[in-house]
Amino acid sequence: MVQFLGKAGAAGELIHMVTLDKTGKKSFGICIVRGEVKDSPNTKTTGIFIKGIVPDSPAHLCGRLKVGDRILSLNGKDVRHSTEQAVIDLIKDADFKIDLEIQTFDKSEEQAKTDPRSNGYMQAKNKFNQDQVPVNTMGMGQSMGQGQGQGQGQGQGQGMGMNRQPTMQKRNQTFTASMRNKHAASNYADEDDEDTRDMTGRIRTEAGYEIDRASAGNCKLNKQEKERDKEQEDEFGYTMAKINKRYNMMKDLRRIEVQRPASKPLGIALAGHKDRQKMACFVAGVDTNGTFASVDFKAGDEIVEVNGNVLKNRCHLNASAIFKNVEGEKLVLITSRRKPNDEGMCVKPIKKFPTSSDETKFIFDQYPKARSVQVRKEGFLGIMVIYGKHVEVGNGIFISDLREGSNAEAAGVKVGDMLLSINQDVTLESNYDEATGLIKRAEGVVTMILLTLKSEDSIRAEKEAEDKKKEEAKKEAEKPQEPATAEIKPNKKILIEVKVEKKPLGVIVAGGKNNHVKTGCVITHIYPEGALAADNRLKIFDHITDVNGKPVHVANMTTLKVHQLFHVTYERTVNFTVFRADPPELDKFNVELMKKAGKELGLSLSPNEFGCTIADIVQGQYPEIDSKLQRGDIITKFNGDALEGLTFQVCYALFKGANGKISMEVTRPKPTLRTEAPK
């Protein structure tokens, strides 16, 4: 959001107010420096100036800030005489909005066309191989003055954030970063007051309704969020601000409220996640004659809560019982609407809704051996149940006893059967009280879905047979393999033979007595055109313990000798003994330095799936690089941006275009010693 006060300063100057909102963004996107502007040959103005604007940031998209603008005040505090660090601290402490009083030094239209400041992000103009923009060095010398052009500034500027997306967007007269309709909670969760409360069990709201502790109604808002949240909480504690914060990673959250008539069915079918390892509750269909026909509720929506009961990450089979057991006629649901191509529901949407939907039919998909039993209740069913645990299915409700001569015994109910449902009520996640309540309320002919489980003796016999089969498979795996076709298995030394035919191996390794890696020789990059890539068995981080039968004991070999093992020309084949550690044996650390404009880092890089492997280092460029980095190290992050899988062109642009403070996350092999020293 940008606001203007048309207050005029000196000749050619304009003073206006700008409000930036970084909701949904990582930063405000301005880089500042303390400098001075020459008003005339004999006078000058000092202060805090904008020296750079990050692309696609609030400062860039508002269209009312330029490189060279002077900041007079920030959130009402005069910063004309403040230090650069003091202003940076004010911005960091300013939550999501800042009010800036800006002094702009006006220019002619002809100058503005050629001034690189007008593009909003001069420092990043060629970061992604964009066409060069002519730089008016004289204009910069006058506008930034002692801060940059003449080298008499008070210090170097520091960026308030990074965003390497090069997209240009149209500037708006009024702007807010939240206009993209994205939930911003995930972008500023680190600034919230940490919620360390226990989220298990139940709690009562101020209105007296019992809800799950993990419900959005019990979500904790910090002071700033409470001030922005003007919505009154309902009886379950819900507001949209609390809902968006609790489920900040979900898309298109909605709050739906309906009244549930006693004689009218809900008219919805539920389904689970198509990934059997995940649990979720999706709307499979909505009956046009049901309760939800009149609200914005459709197939594919995921139900995450109902009346304070959390359904997210719970089995959809239990949702129907929760819907029936909630108190009162009012239903308040929280749903997430997914896009049609998003991964989700396990079945296709139901278009023709049946007259009455069987909410227990999904049980047979989960338990194919389950069976349906009908028992006429004549005062009693003749069964006793218990809440217990079985090694085959886990916790549940089980038949503990049968009344002799009862209808249940005659219908084939057995002691030890697992009770999956009673009529239309699923009991998979029911406790003892809920299950006995359903049995007591059932009348007439009662339909139960039961699952007969295996006895402990049969389970034990099956386990012994499975263990015997595994032991035989283990012995088979321990048999020697043919080196030319041997498969490399984790945590075992494997001998392989690679066909080279005088072709380069095409590999970068780390290790040597004058190297940071002194316990083994490890592969850190494989070139796609080399012999090892064609063989397609070796991988990055594989530990080479010997070459052609000779141990590679790096503690007694220089780095050069280790590298020569992999750069000599082999006639026809070469043998390697390989150990693939699982998990990989690695060491991670950070390297920070100040990169000077026009001075290269001196790194030759080879991108791969883990980042950029250092192929060579030009010594004497930066002491931090000379002392901490070496050939074979993998740079996995650059200024916070992950490098995995990036192309050489993108990596080159990142490293080439960066200036000022540079931070690199480096991964280096740290293998266990697996070779004996020569005697």
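Within any chain, residue numbers begin from 1 and follow the written order of that chain's sequence. It should be noted that, the model being predicted, local features are given only for residues of pLDDT at least 70 and side-chain atom pairs only at 80 or more, the latter also being counted only at that level, while totals for whole chains, interfaces and linings use all residues. Values reported for side chains reflect all heavy atoms of the structure, with hydrogen atoms and water molecules removed beforehand.

## Things to note about the overall build of the protein
Secondary structure assignment for the protein yields 15 helices and 34 strands. The proportion of buried residues among the 679 residues of the protein is 46%. Only the protein chains shown count as cover for residues, and the accessible areas themselves come from Shrake-Rupley with a 1.4 Å probe. If you sum the accessible surface of the protein, you get close to 36,400 Å²; carbon and sulfur atoms cover 49% of it. Helix and strand assignments follow DSSP, with helices taken as H or I runs no shorter than four residues and strands as E runs no shorter than two, numbered in order from the N terminus. Buried means the residue's accessible area, taken with a 1.4 Å probe over protein chains only, is under 20% of the maximum for its type, while exposed means over 50%, and partly exposed covers the values in between.

## A short note on the nonpolar core
Core analysis: the largest hydrophobic core is formed by 26 residues, its most contacted members being Ile-496, Leu-505, Leu-538, Phe-566 and Phe-576. Elements with a minimum of two residues in this core: strand E23 (493-499), strand E24 (507-510), strand E25 (521-526), helix H12 (531-535), strand E26 (543-547) and strand E28 (573-579). Whether two residues are in contact is decided by their heavy atoms, any of which lying within 4.5 Å being enough. Once residues lying within four places of it in the same chain are set aside, the contact partners of Phe-576 are Ile-494, Leu-495, Ile-496, Val-498, Leu-505, Leu-532, Leu-538, Ile-544, Asp-546, Val-547 and Phe-566. As used in this record, nonpolar core signifies buried Ala, Val, Leu, Ile, Met, Phe, Trp, Tyr and Cys residues forming a set joined through side-chain atoms within 4.5 Å.

## Here we look at the pairing of strand E16 (residues 330-336)
Of all the seven residues making up E16, seven are buried; the element is thus mostly covered by neighbouring parts of the structure. The alternating pattern of E16 places Lys-330, Val-332, Ile-334 and Ser-336 on one face and Leu-331, Leu-333 and Thr-335 on the opposite face, and all of these are buried. Pairing analysis gives seven bridges linking strand E11 (residues 253-259) to E16, with the strands arranged antiparallel. When the sheet's bridge partners are listed, Val-258 is paired in E16 with Leu-331. Note on pairing: two strands pair once DSSP finds at least 2 bridges between them.

## A look at the confidence of the model for the protein
The pLDDT value expresses, per residue, how confident the predictor is, ranging between 0 and 100. Predicted confidence across the protein gives a mean pLDDT of 80, with 82% of residues reaching 70 or more. Here residues 1-11 is modelled with pLDDT under 50, and outside its nearest four sequence neighbours on either side it reaches 28 contacts, counting other chains as well. When the criterion is pLDDT under 50, residues 107-192 qualifies, and its contacts beyond four places in sequence or with other chains add up to 180 contacts.

## A few points about helix H15 (residues 648-657)
Of the positions making up H15, those classed as buried are Cys-651, Ala-653, Leu-654 and Phe-655. Against the buried residues of H15 lie strand E29 (586-595), strand E30 (603-608), strand E31 (611-617), strand E32 (634-638) and strand E34 (660-669).

## What about the side chain of His-543?
Here His-543 lies in strand E26. Note on His-543: relative accessible area 2%, which makes it buried. One polar contact links His-543 to Arg-674, side chain to side chain, over a distance of 2.9 Å. Every residue in contact with His-543, bar those within four places of it in the chain, is listed here: Thr-519, Gly-520, Cys-521, Val-522, Thr-577, Val-578, Phe-579, Pro-671, Thr-672 and Arg-674. We define a polar contact as two N or O atoms separated by no more than 3.5 Å, with the added condition that, inside protein, one atom must be a possible hydrogen donor and the other a possible acceptor, whereas residues neighbouring each other in sequence contribute only through side-chain atom pairs.

## Focus: the packing of aromatic side chains
Whether two aromatic rings pair depends on their centres lying within 6.5 Å, for rings of Phe, Tyr and Trp, where Trp uses its six-membered ring; planes under 30 degrees apart make the pair stacked, over 60 edge-to-face, and the rest tilted. All told, the structure shown has seven aromatic pairs when counted by the stated rule. Aromatic pair Tyr-209 and Phe-236: ring centres 5.0 Å apart, planes at 65°, arrangement edge-to-face. In this pair, Tyr-209 is assigned in the loop between strand E9 (202-204) and strand E10 (210-212) and Phe-236 in the loop between helix H5 (223-228) and helix H6 (240-246), connecting sequence segments 27 residues apart. Judged by relative accessible area, which is 3%, Phe-236 ranks as buried. Members of the aromatic cluster, connected to one another through ring pairs, are Tyr-209, Phe-236 and Tyr-238. A ring is considered to have a charge above it if a Lys NZ or an Arg CZ atom is located within 6 Å of its centre and within 35 degrees of its normal. Directly above the ring of Tyr-622 sits Lys-599, whose terminal nitrogen or CZ lies 4.9 Å from the centroid.

## Structural notes on the pattern of salt bridges
In the sections that follow, a salt bridge refers to a side-chain nitrogen of Lys or Arg positioned within 4 Å of a carboxyl oxygen of Asp or Glu. Within this structure, the stated rule accounts for 27 salt bridges. One salt bridge connects Glu-36 with Lys-44, and the closest N-O pair in it is separated by 3.5 Å. Residue Glu-36 is classed as buried on the basis of its relative accessible area of 9%. When the shortest N-O distance is used, the salt bridge between Arg-204 and Glu-210 registers 3.6 Å. The exposure class assigned to Glu-210 is partly exposed, which follows from its relative accessible area of 36%. Via salt bridges that share partners, Asp-234, Glu-235, Arg-255, Glu-257 and Lys-330 belong to a single interconnected network.

## A word on the side chain of Lys-330
For Lys-330, the location among the structural elements is in strand E16. Reaching out from Lys-330, the side chain makes a polar contact with the side chain of Glu-235 at a distance of 2.9 Å. Polar side-chain contacts of Lys-330 include one of 3.2 Å to the side chain of Glu-257. Setting aside residues no more than four positions away along its own chain, Lys-330 makes contact with Glu-235, Glu-257, Val-258, Gln-259 and Asn-307.

## What to know about the environment of His-81
Tracing the sequence through the fold places His-81 in the loop between strand E6 (77-78) and helix H2 (84-92). In this structure the C-alpha to C-alpha distance between His-81 and Ile-48, which are 33 residues apart in sequence, comes to 8.1 Å.

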